[in-house]
Amino acid sequence: MSVSERVVHLAFLPSAGIGHLNPCLRIAALFLRYGCKVTLITPKPTVSLAESNLISRFCSSFPHQVTRTDLNLIPLDPTTVNTSDPFWLQFETIRRSVHLLAPILSSLSTPLSAFIYDVSLISPLIPVTEKLTCPSYIYFTSSARMLSFFAHLSVLAAPNQGAHPSSFIGDDIKIPGIASPIPRSSVPTVLLQPNSLFESIFMEDSANLAKLNGVFINSFEELEGEALAALNEGKVAKGLPPVYGVGPLMACEFEEVDQGGQRGGCMRSILEWLDEQSETSVVYVCFGNRTATRREQIKDMALGLVECGYSFLWVVKLKRVDKEDEEGLEEVLGSELSSKVKEKGVVVKEFVDQVEILGHPSVGGFLSHGGWNSVTETVWKGVPCLSWPQ
């Protein structure tokens, strides 16, 4: 057997947003540590600078194992979809462009051992993956409990063909194998909105989960043993593929914002400031990489943080896409409130190394939007978390 035939070669296809890109690259890094070869298929153009920078750092960290191949997206007419969110527009743009993958995958010099792609691309990729000679998997970007809801949704929809989810999702969703029901208030509001892009993707893809060879998820037995067992024992829905809990997926070296020996940029100043604070005295506030905070909410939060009695580190996003975020915080808060904020804490707009911040001894609490990456990171670091979904 030749050397090329013995190589485990995996292709990864991420979707839009850091919350989807991070778990993709962290799972890829797991395989790379075992000597696998990875082809990273990157949809171009990306939405944010944070995404393109992270992809570049990942590829440069594994120069002999990772090959980057671009998937040049077909421009999308935004009037054909019911959303103005740039990340959801990108989801749909990728979905409508994945038929271009067939020649890319067939032209790879080393045969593929497996194809692993984002959960948002299931249905449009099935015609492509069915022609492959290797298994295909998705990586799921939320919790095992959310995956159980996603999988069971097709069961709920079966006797209600053509009906909108808002009509058959009751006050409590009871999922076999999971003791406590999911309250309707915990269901993503966009799923209950008529004609939303999220609802369209969710409903279409739920029914196609059984056509996959497996699911990778950033979770683990100690955190979600009940949900993982229910999924793998066939209680949630019939015919589901194996679900592999590969978490917790922690930050890798390539994610360091300031690389190259010495710290630079905002992380150096953040860590220097945290070093000066008392143990567990700082509240860390961050609502993720996609959530743009409304101007009125920023003012209210600034007043609350100033009056809370604790020092704070606050990561602010004024725009959903970092390329468009040019407005200064002082322009939003005004000079008087801005001065008070600076007296009590540190405010940054740049992309930060969240895991390193959560691991710092001075950080005693985390006010979060409740994104799954943030939840697993704060659990791993043992920092109390107050979730405020946005």
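Residues numbered from 1 in each chain as written. Predicted model: local features only at pLDDT ≥ 70, side-chain atom pairs only at ≥ 80, totals over all residues. Heavy atoms only, no water.

Caption draft 1: Main features of the overall build of the protein. The helix and strand tally for the protein stands at 17 helices and 14 strands. Here the protein has a C-alpha radius of gyration of 22 Å; the compact-globule value for 390 residues is 21 Å, and the two agree. Over its C-alpha atoms, taken along the principal directions, the protein stretches across nearly 60 × 55 × 45 Å. For the protein, the proportion of its 390 residues judged to be buried stands at 52%. Pairs at least 24 residues apart make up 73% of the contacts formed inside the protein by residues separated by at least 6 positions. By element, 51% of the accessible surface of the protein is carried by carbon and sulfur atoms, the whole surface being about 17900 Å². Counting 31 positive and 42 negative side-chain charges, the protein places the averaged centre of each group 4 Å from the other. (Helix = DSSP H or I, 4+ residues; strand = E, 2+ residues; numbered from the N terminus. Rg over C-alpha atoms; globule rule 2.2 N^0.38 Å. Buried < 20%, exposed > 50% of the residue type's maximum accessible area, 1.4 Å probe, protein only. Contact = heavy atoms within 4.5 Å. Areas by Shrake-Rupley, 256 points an atom, 1.4 Å probe, with all protein chains shown as cover. Lys, Arg positive; Asp, Glu negative; His and termini not counted. Charge placed at Lys NZ, Arg CZ, Asp CG, Glu CD.)

Caption draft 2: Representation of the sheet that holds strand β12 (residues 345-348). Reading across the sheet, the 5 strands line up as β12-β11-β10-β13-β14 and stay open at both edges, with parallel pairing between neighbours. Strand pairing shows two members of the sheet lacking a second neighbour, β12 and β14 (385-387), which therefore form its edges. Pairwise comparison of adjacent strand axes, ignoring direction, gives a mean angle of 15 degrees for this sheet. Contacts between helix α13 (residues 295-307) and the sheet are confined to β10 (282-286) and β11 (311-315), with β11 contributing the most and set at about 160 degrees to the helix. Contacting β11 and β12, helix α15 (residues 335-344) runs over the sheet at an angle of about 115 degrees to β12. (Pairing = 2+ DSSP bridges. Axes fitted to C-alpha atoms, helices over the stretch in contact; angles between N-to-C directions.)

Caption draft 3: Looking closely at the pattern of salt bridges. Counted under the stated rule, the structure contains 10 salt bridges. Between Arg96 and Glu92 there is a salt bridge; the shortest N-O distance is 2.9 Å. Taking the relative accessible area as the measure of exposure, Arg96 reaches 37% and is therefore partly exposed. Here Lys340 and Glu336 are joined by a salt bridge, their closest N and O atoms 4.0 Å apart. Residue Lys340 and its partner Glu336 are both found in helix α15; the two are separated by 4 residues, about one turn of the helix. Since its relative accessible area comes to 59%, Glu336 is described here as exposed. (Salt bridge = Lys/Arg side-chain N within 4 Å of Asp/Glu carboxyl O.)

Caption draft 4: Geometry of the pairing of β10. Among the 5 residues in β10, 4 count as buried, and that is most of the element. Bridge analysis of β10 against β11 gives 5 bridges, and the strand direction is parallel. Residue pairing for β11: Val283 is matched across the bridge by Phe312. Here β10 runs beside strand β13 (residues 363-368); their pairing, made up of 5 bridges, is parallel. Bridged to Val283 within β13 is Gly365.

Caption draft 5: Quick peek at the state of the cysteines. For the structure shown, the criterion picks out 0 disulfides. Of the cysteine sulfurs around Cys24, a residue in no disulfide, the closest is that of Cys59, at 10 Å. Given the relative accessible area of 0%, Cys24 is considered buried. (Disulfide = S-S within 2.5 Å.)

Caption draft 6: Summary view of helix α10 (residues 197-206). Most of α10 sits out of view: 7 of its 10 residues are buried. For α10, the complete set of buried residues consists of Leu197, Phe198, Glu199, Ile201, Phe202, Asp205 and Ser206. Summarising the contacts, the buried residues of α10 are in contact with α4 (86-95), α6 (122-129), α7 (144-157), α8 (165-168) and α9 (189-192).

Caption draft 7: Main features of the packing of α4 against α10. Direction vectors running N to C along α4 and α10 enclose 40 degrees, while the axes themselves pass 10 Å from each other. Between α4 and α10, the angle falls in the class oblique. The two elements α4 and α10 cross, and the hand of that crossing is left-handed. The segment α4 lies against α10, with Trp88, Glu92 and Arg95 engaging Leu197, Phe198, Ile201, Glu204 and Asp205. Per-class residue counts for the contact of α4 with α10 are 4 nonpolar, no polar and 4 charged. (Parallel < 35°, antiparallel > 145°, perpendicular 65-115°, else oblique. Left-handed = near helix turned anticlockwise from the far one by under 90°. Nonpolar A, V, L, I, M, F, W, Y, C, P; charged D, E, K, R; others polar.)

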